[in-house]
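A look at the structure
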Amino acid sequence: MLDHLGWGEIMVLLLLALFIFGPERLPGLAAEAGKGLRKLRGLVKGMTDDLKAELGPEVGDLDLRSLHPREIVRKALMDDDDDPVVAAVPAGSVALRLDEPAPWDPEAT
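A short tour of the structure in this document, coming up. Small disclaimer: the values here were computed from a predicted structure and weren't measured.

A word on the pattern of salt bridges. Counting across every chain of the model gives 3 salt bridges. With a closest N to O distance of 3.9 Å, Glu 32 and Lys 35 form a salt bridge. In this pair, Glu 32 and Lys 35 are both assigned in helix H1 (residues 7-55), 3 residues apart and thus about one turn of the helix distant. The exposure class assigned to Lys 35 is partly exposed, which follows from its relative accessible area of 47%. The shortest N-O distance in the salt bridge between Lys 45 and Asp 49 comes to 3.6 Å. Residue Lys 45 and its partner Asp 49 are both found in helix H1; the two are separated by 4 residues, about one turn of the helix.

Quick notes on the rules
- Residues numbered from 1 in each chain as written.
- Predicted model: local features only at pLDDT ≥ 70, side-chain atom pairs only at ≥ 80, totals over all residues.
- Heavy atoms only, no water.
- Salt bridge = Lys/Arg side-chain N within 4 Å of Asp/Glu carboxyl O.
- Helix = DSSP H or I, 4+ residues; strand = E, 2+ residues; numbered from the N terminus.
- Buried < 20%, exposed > 50% of the residue type's maximum accessible area, 1.4 Å probe, protein only.

See below:
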């Protein structure tokens, strides 16, 4: 969620929070925010555990993070281990030269 923020923006937000809430209340608000985040994480973990228990043992080892759209895109585009373009080239085929046009079949259009 806050992946696009740099250090400069974070410092501006911290200074803004310091001016709005004051130095007396800021540590208490940070502690409450930390407690709230821990509680939210516990609730989400409980929900995922309940979901896995309801789905049964056949999908109990399912990694729900792998179903996140960001993970799907990262695996599809960023992983170089199994390049789908290289895997799609049949063995024994010859690659085109840089100046060679791609073959075109008029009957295929």
